[in-house]
Amino acid sequence: MSATEVLPLPLQLFTLKDGLVASDSGQEAVNNYAADFQGLRHFGLKIGECLELGAPWCGTLQEEDFTLNFAYFDAGTDPQDPGAGALIGERMPMFELLTRANSMEA
């Protein structure tokens, strides 16, 4: 692989809107993502409360074999507000993910 060639990520995309998670990846993927997203968001809320920072607008969870991300758009961070998420089928440090995403866009 050359330095300019970037392999595609094993990626599933999700939308967050009106308190629901949706995706073209199928209901099982939606259910799995929703469970992890709710846990990650709850953890972020607890930390935000303790540090008086408010609700998280984004979050990342890294496990041995996947990386889960979510981000709310500028409308707010309430569960009803619109956002998006991704499940990447490998452990991906945030800097590497951003570098790969920028390389794919270039």
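Quick caveat: nothing in here was measured; it's all calculated off a predicted structure.

### What about the overall build of the protein chain?
The secondary structure content of the protein chain amounts to 2 helices and 5 strands. Secondary structure elements in the protein chain, listed N-terminal to C-terminal, are β-β-α-β-β-β-α. The buried share among the 106 residues of the protein chain stands at 28%. Across the protein chain, the fraction of contacts at a sequence separation of at least 24, relative to all contacts at a separation of at least 6, is 49%. With an accessible surface of roughly 7,100 Å², the protein chain has 57% of that area assigned to carbon and sulfur atoms.

### Let's talk about the side chain of asparagine 69
One can find asparagine 69 in strand 4 (residues 67-72). Classification of asparagine 69 as buried rests on a relative accessible area of 11%. Within the structure, asparagine 69 has its side chain in polar contact with the side chain of threonine 60 (distance 2.6 Å).

### Some points on the sheet that holds strand 2 (residues 20-22)
The strand order across the open sheet formed by 5 strands is 2-1-5-4-3, and the pairing between neighbours is antiparallel. Both outer strands of the open sheet, strand 2 and strand 3 (58-62), are each paired with one neighbouring strand and no more. The sheet shows a mean angle of 15° between the axes of neighbouring strands, taken without regard to direction. Relative to strand 2, strand 1 (residues 11-17) runs antiparallel, the two being bridged by 3 bridges. Looking across to strand 2, one finds that lysine 17 is bridged to leucine 20. Each of strand 1, strand 2, strand 3, strand 4 and strand 5 (83-88) touches helix 1 (residues 27-50); the most contacted strand, strand 4, lies at about 70° to it.

About the cut-offs
Residues numbered from 1 in each chain as written. Predicted model: local features only at pLDDT ≥ 70, side-chain atom pairs only at ≥ 80, totals over all residues. Heavy atoms only, no water. Helix = DSSP H or I, 4+ residues; strand = E, 2+ residues; numbered from the N terminus. Buried < 20%, exposed > 50% of the residue type's maximum accessible area, 1.4 Å probe, protein only. Contact = heavy atoms within 4.5 Å. Areas by Shrake-Rupley, 256 points an atom, 1.4 Å probe, with all protein chains shown as cover. Polar contact = N/O pair within 3.5 Å; in protein donor to acceptor, adjacent residues only side chain to side chain. Pairing = 2+ DSSP bridges. Axes fitted to C-alpha atoms, helices over the stretch in contact; angles between N-to-C directions.

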